[in-house]
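What follows is the residue order along each chain.
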Amino acid sequence: MKNKEIKNSHPFIIKNCMLTTIATGEKAESLRELRDKLMDIHPGSVYYHFWGGLLSPRFEEPEFNNDFAAWAYRALRDPVLAERLAMIDPTPFADIEDLRQEVIEVIEERLYETEIVPVVKPDEAFCFIRSQIVIFDTYRRLIEPKELASVVPTLSGGSIFYHFIDARRRTDERIDDFRAWLKGFGNTYNDLCDMLAAVDPYFTTLVELRKTLSKIFKTYFGEDEKA
Amino acid sequence: MKKLDLYTSIVGKDVIEELHQLAGLLKGRKVVHVNSTRKGGGVAEILRRLVPLMCELGIKTKWKVITGDDDFFKCTKSMHNALQGNPIDIPESLLRIYEKTNAQNAEVLRKELEEADIVFIHDPQPAPLIKFCPDRRGKWIWRCHIDISRPQRHIWKYLRNFVVDYDASIFSIVNFAQRLPHPLYIIPPSIDPLSEKNKDLDAKEVYSVYDGLGIDMGNPIILQVSRFDRFKDPVGVIQSYRLVKNFTPSAQLVLAGGPATDDPEGKVVLEEVKTAAGDNPNIHILLLPPESDRTINALQRGADIVLQKSIKEGFGLTVTETMWKGKPVIGGNTGGIRLQVINHHTGFLVNTPEGAALRARYLLHHPEKIKEMGYKAKEFVRANFLITRHLRDHLTLMISILYGVKERIEL
C-alpha cells in the first residue's frame, strides 16, 4: 500500500562527479610483491582498482571486473588466480579494509599453492593508481519521486556513479542516494527500494546501470499512474 | 552555433552539459600551454583543438611555442630518444644550449607565465622554463606525452631537476609515471572527430586522393601513417608487407609520414626506409607536408589493413584516428597502443614483423571481422578518446589542483 501522506521536505539534489586518476608510483612485478604492496597501499587505491574502471577508459566488455584479476590473467598468466580475484564482489564490503583483506587472502592462498612465484616484465608491472573525486552540483532538483522516471535516463555517467555507487561509501546505511531519499517518504516507496536494492552495480557498466535504473523507475511510476 | 555544440550529435548532450558545468567553476582563470612546435606531431595537434574549446568555455587560454636553433632541437631529440630508452649520451655543450634556449624563451614569455593561474608545459623541450620564472603565482604542470617508463637514468636524472619544481605532472598512461614529489595525474590524449583529419569523407573523395597519389584502390592496401622515426619501425612494416605479399601478391604498402620541425632525425630514417623498400613499385613512400590532414583522413578510410607497428609509443594517436574510422588496428604491443587496441576486439597486438603479417593475412581473408572489430573500435574511441573527454579531464584536473589535491573535493 502506498502512503501518499508523508512528504520528504528535502529535495533530491542531483550532483555529478569526475574522477581524476593519480599514479601512486608504487608498482609490483610479482605476485608476492603485489601482496606486500597491497598491505600498505592507500585505501583509495584499493577502491580505485575495483570501482574506478567504471569512470575511466575501459573496454565495455572487460573479461575481468577488477584490475587485480585482469593483471593476474594478462601479466602473470595465472587464470586460476584471475578467476578467484574476479569473483570478489566489492559491493557487500562496508569497509575498504575488509575488501583489502579479502584480496590479500586470495593472493596468499595462491602463493601457498604455487611453488614458483612468477615475475613479470617491467612494462607489465601492476601500477597502483588512486583516484580523486571532484563533486559538483548540477543545480537540478527533484521534489517528487515520480520525477525520477523522466530524469534518471538523462543523467550522466558521473551522476549515476555518484548517486548509486559512491553513495555507499558515504551514507550511514551504506545504501545508494535514491533509496536514502525515498526512505524519507516513510514506507511509501518500500517496494521501489527493494527493487533498487536488487540491482547489482558491480558486474555492469554505467551505461547499462543507467538503463536498468531507468527501467525500474519507469515501470514503477508507470504502474503508479495507472493505479 | 558554438563549436562545442557541434559535438552534441557525436557524444551526447549530457557530455557537453557536463563540460559547461565544470568550466563554470573555472571561469575567468588564465591558462597558458607551452610546447615547442606549432605544426607536426601529436602535441601540436591536440593543442590546436583544445585551446579554442577552453576559450569558448570562458577560460582565458593561450598557446605559446618556444623557439630554438638546430642544436637545441638536436639536443631535445636526443633527450626524447634517451627518455624512451635509447642508450644516448648528450654532450654537456648541447645541454648548456638547451638551458640557454629556455632562458632566452623565458625572457619573452615570463610575464604571461608568471601571471597565469595554471601553466601546462608540454614535454621536455620547455621543461626548464620553470627555473626562469621565480615569481610565478599559479600552478605549473608538466605534461609528459612520451613513454618514459624505462629512461636512460642519467638523462632522466638531469631532466628531473627541472620537473621536481612543478606542482603536478601528467602522463598518458600509468606505466610511464616516474616517482616525483608531486601528484602524478594520468590523462590519455585524444582526437577531434570534427577535424580535417577525422571528419567523415565521401567515398568519391577517398578514391580521388588515392588516385591522385597513383595508388590503385582495386588492390588490397596496407597502410602505416607515422613520422619516419625508428620507434615507429617503418622497416619492420616493410618486412611484414613482404611476408603478406607471399600470400596476397596484389597487396600494396603505403607508408605515409611527414616532417616535424622538432625532429631532425627524420631524413636519416627516411633514407633507411627507401633503401629497405628498394625499387618495389607496390611500396609507396609518401612524404606529406604538414597540412595534409585531409589526405591522411582519406588514406586511413581507404586502406584495407592499418598498422601501427611501433616498438615504443607514447600514446599513438594514429591508432585512435584509424579506430574512429571504424577500422581495427594491428599495433605494436607497447605503450599507449595497449590502452587502445584490445586484443581480438578492437585490433591485434603484435610483437614482431611476423606477428603483424600473420594478423594482416587473417584480416585480409576475413573482411567480416574487419567490420565487426571496426565497429567496436569506433565505439571504444567515442567513449574514451575524443577531445571532449580530454577537455573534461583537463577541467577536472585544474579544479583539483586549484582546490587542493584531496581525495574528495565537493564544490
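For every chain, the first residue of the written sequence is number 1, and numbering continues from 1 onward in sequence order. Whichever chain is written first is A, and whichever ligand is written first is 1; the rest continue in order. In keeping with the model being predicted, local features are shown solely for residues with a pLDDT of at least 70 and side-chain atom pairs are shown and tallied solely at 80 or more, while totals for entire chains, interfaces and linings include all residues.

(A) Structural detail: the overall build of chain B. We count a stretch as a helix when DSSP gives it H or I for four or more residues in a row; a strand needs E for two or more, and each element gets its number in order from the N terminus. Secondary structure assignment for chain B yields 15 helices and 13 strands. Each residue is classified by how many other C-beta atoms fall within 10 Å of its C-beta atom, where C-beta atoms are placed from the backbone; a count of 20 or more means buried, 12 or fewer means exposed, and values in between mean partly exposed. Going through the 411 residues of chain B one by one, you find that 53% of them count as buried. Pairs at least 24 residues apart make up 69% of the contacts formed inside chain B by residues separated by at least 6 positions. For every residue pair, C-beta atoms are placed from the backbone, and the pair is scored as a contact if these atoms sit within 7 Å.

(B) A look at the domain arrangement of chain A. Residue and element names in this part refer to chain A. Throughout the structure description, domain borders are defined by an automatic or database domain assignment. By domain assignment, chain A separates into domain 1 (12-16 + 139-226) and domain 2 (18-130). Across the boundary between the two partners, domain 1 contributes 11 residues, which contact 10 residues of domain 2. With four residues, the top contributor of residues to the side of domain 1 that touches domain 2 is helix α7 (residues 157-170). Nonpolar residues are Ala, Val, Leu, Ile, Met, Phe, Trp, Tyr, Cys and Pro. Charged residues are Asp, Glu, Lys and Arg, and all others, Gly as well, are polar. Among the residues forming the side of domain 1 that touches domain 2, the class breakdown is six nonpolar, three polar and two charged.

(C) Examining the domain arrangement of chain B more closely. Residue and element names in this part refer to chain B. What the domain assignment lists for chain B is domain 1 (4-190 + 386-402) and domain 2 (203-384). When each unit is reduced to the centre of its C-alpha atoms, the spacing between domain 1 and domain 2 is 28 Å. Of the residues lining the interface, 25 residues belong to domain 1; the matching set on domain 2 comes to 21 residues. Listed by contribution, the elements that provide at least two residues to the side of domain 1 that touches domain 2 are α3 (42-56) and α4 (70-83). The leading source of residues in the side of domain 1 that touches domain 2 is α4, at five residues. In terms of residue class, the side of domain 1 that touches domain 2 is made up of seven nonpolar, 11 polar and seven charged.

(D) Fine view of the nonpolar core. Each nonpolar core consists of buried Ala, Val, Leu, Ile, Met, Phe, Trp, Tyr and Cys residues. Their C-beta atoms, within 7 Å, join them into a set. Core analysis: the largest hydrophobic core is formed by 174 residues, its most contacted members being B:Val119 and B:Ile222. Not counting residues up to four positions away in its chain, the partners in contact with B:Ile222 are B:Tyr241, B:Val244, B:Ala251, B:Gln252, B:Leu253, B:Ala303, B:Asp304, B:Ile305, B:Leu307 and B:Ala360.

(E) Highlighting the sheet that holds strand β3 (residues 118-122) of chain B. Here we have nine strands laid out as an open sheet, ordered β2(B)-β1(B)-β3(B)-β4(B)-β5(B)-β6(B)-β1(A)-β2(A)-β13(B), and mixed in their pairing. Of all strands in the sheet, those bounded by a partner on one side alone are β2 (60-65) and β13 (408-410) of chain B. In this sheet, adjacent strand axes meet at a mean angle of 25 degrees when their direction is disregarded. Note on pairing: two strands pair once DSSP finds at least 2 bridges between them. Sheet topology places strand β2 (residues 126-142) of chain A next to β13(B); three bridges connect them, and they run parallel. Note on β13(B): the bridge partner recorded for A:Val134 is B:Ile409. Packed on one face of the sheet, helix α15 (residues 387-402) of chain B meets β1 (12-28) and β2 of chain A together with β3, β4 (139-144), β5 (168-171), β6 (184-186) and β13 of chain B and runs near 85 degrees to β1(A). Orientation is described by axes fitted as lines to C-alpha atoms, over the contacting stretch for helices, and by angles from 0 to 180 degrees between their N-to-C directions.

(F) Examining helix α2 (residues 43-51) of chain A more closely. All names here are of chain A. Counting buried positions along α2 yields seven of nine residues, so the element is predominantly enclosed. Burial in α2 covers these residues: Ser45, Val46, Tyr47, Tyr48, His49, Phe50 and Trp51. Lining the buried residues of α2 we find β1, α3 (67-74), α5 (96-113), β2 and α7.

(G) Region of the structure containing unusual backbone geometry. Backbone geometry at A:Tyr139 places phi at a positive 65 degrees, although glycine is not the residue there. Locating A:Tyr139 in the fold gives a position in strand β2. Even without glycine at this site, B:His344 takes up a positive phi of about 75 degrees. Within the secondary structure layout, B:His344 lies in the loop between α12 (337-340) and β12 (347-350). Given 12 C-beta atoms within 10 Å, B:His344 falls into the exposed group.

(H) Here's a closer look at the environment of A:Val80. Residues and elements named next belong to chain A. In this structure, Val80 sits in helix α4 (residues 79-86). On the basis of neighbour count, Val80 is assigned to the exposed category, with 12 C-beta atoms found within 10 Å. For Val80 and Ala69, which are 11 residues apart along the polypeptide, the C-alpha to C-alpha distance reads 9.7 Å.

(I) Structural detail: the sheet that holds strand β10 (residues 305-308) of chain B. Residue and element names in this part refer to chain B. Reading across from one edge, β9-β8-β7-β10-β11-β12 is the order of the six strands in this open sheet, with parallel pairing throughout. The open sheet is flanked by β9 (283-287) and β12, the only strands paired with a single partner. For this sheet the average axis-to-axis angle between neighbouring strands, irrespective of direction, equals 20 degrees. Bridge count for strand β7 (residues 221-225) against strand β8 (residues 252-257) is five bridges, and the pairing is parallel. Bridge pairing in β8 places Ile221 opposite Gln252. Running at roughly 140 degrees to β7, helix α10 (residues 293-302) makes contact with β7, β8 and β10 of the sheet.

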